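The residues making up each chain are set out below.
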Amino acid sequence: MYLATTGRRDAPPTPSGVRRRVPGTVLALGAVSLVTDVSSEMVTAVLPLYLVLGLGLSPLQFGLLDGLSTGATALVRLLGGATADRGGRHKQVAGLGYALSACSRLGLLLAGGATGWIATALAADRLGKGVRTAPRDALITLHSPPDDLGRAFGTHRAMDTTGALLGPLAAFALLSATAEAYEAVFAVSFCVGAFGVLLWLLLVPGRRSAPPRHEPLDTAGAPTAPAPPRARGGLLAAPRSPAYRRIVLCAALLGAATVGDSFLYLLLQRRLDLDATWFPFLPLGAAAVYLLLAVPAGRLADRTGRRRPLLYGHGALLLAYGLLLAPLPGGAVLVGVLGLLGVFYAATDGVLMALAGPFLAEGRQAGGLALVQTAQALARLGAAVAFGAVWTASGPETALVAALVALTAALCCAARLLPKAPQVPQTPTDPTALRED
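Residues numbered from 1 in each chain as written. Predicted model: local features only at pLDDT ≥ 70, side-chain atom pairs only at ≥ 80, totals over all residues. Heavy atoms only, no water.

With that settled, the discussion passes to the overall build of the chain. Scanning the chain for helices and strands turns up 16 helices and zero strands. Of the roughly 19300 Å² of accessible surface on the chain, a fraction of 65% belongs to carbon and sulfur atoms. (Helix = DSSP H or I, 4+ residues; strand = E, 2+ residues; numbered from the N terminus. Areas by Shrake-Rupley, 256 points an atom, 1.4 Å probe, with all protein chains shown as cover.)

This next bit is on the packing of helix 11 (residues 261-272) against helix 14 (residues 330-356). Close contact between helix 11 and helix 14 brings their axes to 10 Å; oriented N to C, the two are set at 170°. One finds that helix 11 runs roughly antiparallel with respect to helix 14. Contacts between helix 11 and helix 14 involve D261, L264, Y265, L268, R271 and L272 on the former and, on the latter, G330, V333, L334, V337, L338, L341 and Y345. Split into classes, the residues belonging to the contact of helix 11 with helix 14 amount to ten nonpolar, one polar and two charged. (Axes fitted to C-alpha atoms, helices over the stretch in contact; angles between N-to-C directions. Parallel < 35°, antiparallel > 145°, perpendicular 65-115°, else oblique. Contact = heavy atoms within 4.5 Å. Nonpolar A, V, L, I, M, F, W, Y, C, P; charged D, E, K, R; others polar.)

This paragraph deals with the packing of helix 13 (residues 307-325) against helix 16 (residues 396-417). Taken N-terminus to C-terminus, the directions of helix 13 and helix 16 make an angle of 160°; their axes are 10 Å apart at the nearest point. With respect to their mutual orientation, helix 13 and helix 16 come out roughly antiparallel. Helix 16 is crossed by helix 13, and the crossing has left-handed handedness. Packed against helix 13, whose contacting residues are R307, L311, H314, G315, L317, L318, Y321, G322, L324 and L325, the element helix 16 presents E397, L400, V401, A403, L404, L407, T408, L411, A414 and A415 at the interface. Looking at the contact of helix 13 with helix 16, its residues break down into 14 nonpolar, four polar and two charged. (Left-handed = near helix turned anticlockwise from the far one by under 90°.)

What sets the pattern is the α-helix's 3.6 residues per turn: residues three or four places apart point alike. For helix 12 (residues 282-304), built from 23 residues, the straight-helix expectation of 33 Å at 1.5 Å per residue is met to within 8% by its first-to-last C-alpha distance of 32 Å. At L293, helix 12 is deflected by roughly 40°, the largest bend along its length, and proline P296 occurs up to four residues later in sequence. Among the residues of helix 12, those classed as buried are L282, L284, A286, A287, Y290, A294, V295, A297, G298 and A301. Where helix 12 is buried, its residues contact helix 8 (149-177), helix 11, helix 13 and helix 14. Following helix 12 by one or two positions, G305 adopts a phi angle in the positive range, close to 100°. (Expected span 1.5 Å × (residues − 1). Bend = angle between axes of the 7 residues up to and from the residue. Buried < 20%, exposed > 50% of the residue type's maximum accessible area, 1.4 Å probe, protein only.)

Another aspect to go through is the pattern of salt bridges. Oppositely charged side chains can form a pair if their charged atoms are brought close together. Counting across every chain of the model gives five salt bridges. We note a salt bridge from R105 to D125, for which the minimum N-O separation is 2.9 Å. Taken together, the residues R105 in helix 6 (residues 90-111) and D125 in helix 7 (residues 115-142) connect sequence positions 20 residues apart. When its relative accessible area of 3% is taken as the criterion, R105 is described as buried. The exposure class assigned to D125 is buried, which follows from its relative accessible area of 11%. One salt bridge connects D349 with R157, and the closest N-O pair in it is separated by 3.3 Å. (Salt bridge = Lys/Arg side-chain N within 4 Å of Asp/Glu carboxyl O.)

So, on to the packing of aromatic side chains. Scanning the model with the defined rule gives six aromatic pairs in all. For the ring pair F263 and W391, a centre distance of 5.8 Å and an interplane angle of 45° mean the geometry is tilted. Separated by 128 residues along the polypeptide, F263 in helix 11 and W391 in helix 15 (residues 365-394) bring together distant segments of the chain. Across the pair, W391 and F263 agree in class, each one buried. Ring pairs connect the aromatic residues F263, F387 and W391, which therefore count as one cluster. (Phe/Tyr/Trp six-rings, centres within 6.5 Å; stacked < 30°, edge-to-face > 60°.)

W200, L264, Y321, L324, L341, V372 and F387 are the most contacted members of the largest nonpolar core, which totals 84 residues. Looking at which element gives the most residues to this core, the answer is helix 14, with 14 residues. Setting aside residues up to four positions removed in sequence, L341 forms contacts with D261, L264, Y265, A286 and L317. Core analysis: the second largest hydrophobic core is formed by seven residues, V38, F172, L175 and V185 among them. (Core = buried A, V, L, I, M, F, W, Y, C linked by side-chain atoms within 4.5 Å.)

This part covers a nonpolar patch on the surface. A contiguous nonpolar patch, built from F195, L198, L201, L202 and L203 and spanning about 510 Å² of accessible area, is present on the exposed surface. As for its position among the elements, L202 is in helix 9 (residues 182-203). (Patch = residues over 30% accessible without salt bridge, like charges linked within 9 Å, V, L, I, M, F, W, Y side chains within 5 Å.)

What follows covers the environment of S39. Tracing the sequence through the fold places S39 in helix 2 (residues 24-44). When its relative accessible area of 0% is taken as the criterion, S39 is described as buried. In this view, S39 contacts R105, S189, V192 and G193; residues no more than four positions away in its chain are not counted.

Okay, the confidence of the model for the chain next. Residues with a pLDDT of 70 or more make up 74% of the chain, whose mean pLDDT is 77. Predicted confidence in the chain is weakest over helix 1 (residues 6-10), with a mean pLDDT of 40, and strongest over helix 16, with 93. Contacts from residues 1-18, a stretch scored under 50 in pLDDT, to residues over four places away or in other chains number 58 contacts. Counting contacts from residues 424-437, a segment whose pLDDT is below 50, to residues more than four positions away or on other chains yields 20 contacts. (pLDDT = per-residue confidence, 0-100.)

Here we come to the side chain of D85. You can see D85 is positioned in helix 5 (residues 74-85). Those residues within four positions of D85 in sequence are excluded, and the remaining contacts are H90, G363, R364, Q365, A366 and G367.

This brings us to helix 13. Counted at 1.5 Å a residue, the expected span for helix 13 with its 19 residues is 27 Å, and the 28 Å between its end C-alpha atoms agrees. Within the span of helix 13, buried status applies to R307, P309, L310, L311, G313, H314, A316, L317, A320, Y321, L323 and L324. Considering only its buried residues, helix 13 is in contact with helix 10 (242-255), helix 11, helix 12, helix 14 and helix 16.

So, on to the environment of L325. By the element assignment, L325 lies in helix 13. With a relative accessible area of 34%, L325 lands in the partly exposed category. In this structure, the C-alpha to C-alpha distance between L325 and P396, residues 71 residues apart in sequence, is 9.8 Å.

This is the structure we're talking about:
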């Protein structure tokens, strides 16, 4: 099994007792994600309401659209990850994805209500997201110490979620100020997205020559073994590690039992009989909890091991399913489901990437992370279609019970299969640490 050494090489271990700082590159990536999410969420805030309540799509049709929007970029993720690894072009490939998403807002502005052009613009946005995600997460892995990956990903996800909170608020403020002129929302969204691309070009470091490796030392101060070799082979070189293969399998199993957020919001709207004007604000509750807990969850994962928070996070999602079935007051269900959904994302989103990162071969970080993301996205595609089909055939309660049973089984399997984080050798920073007791 090859362990990535680039994270330790780019950011040497911090001596014990010294307060660690989040690497500047991670903060720059978080700033770009914050701005980009403001742009994207301005457009997508009302999409489920528009499709189901506005256009009258059935739950099955909505499940197909929701799942396809998540899983359609699977091959693009893999291609983007492999291209970024080839020659270390993480910044260039991810920058292309950000630019494509920004241009999709301009496409919405110029579409003029034509359904075909709108669909093309939305597809461009999804392609951009698929291209940029793995190279961006690889940059976080490459610029963070292995034992601080959970904190680094948690910080990035917290900044990203801040944008997800601000986007819908900005969109509704614009609609109120312009008498529901959606063109104004598209125009401002494009400008904000273009600003995110500019931040990417100015703040995120490009390719640089690698500094000397830090090899593990014995008690005499001599290298004990050569550094792990760079990965060779094509796109599927990363799965040679048995532990990494188990992570990919667990990501797929858990994804196959994960009901899409939009379905949960529709179930809440149905259960509470919410007025349509309040529906777009439901995601803000979960995003607020995610924002508050992302960094603490990452720190906890670094201290206790990343598999436990990942399992506990899916356990929170399981409780959210149960709340939607429980005979409780509507207010308690609303607060509980949104809170548990926020806990789920805080404990799983960045933590899964932090768990997989140390098992990846050097030079295969983006491709390896892309494979994990692709397995999860394709599994969630199947879950969305299956949930919508059961809902259409037998009702929402039956579909929710089926999802609860499936997630329970997936959690049991993942608890047995998920590996523990590898022990990464540290370079002693105190000469006295080399002496024998």
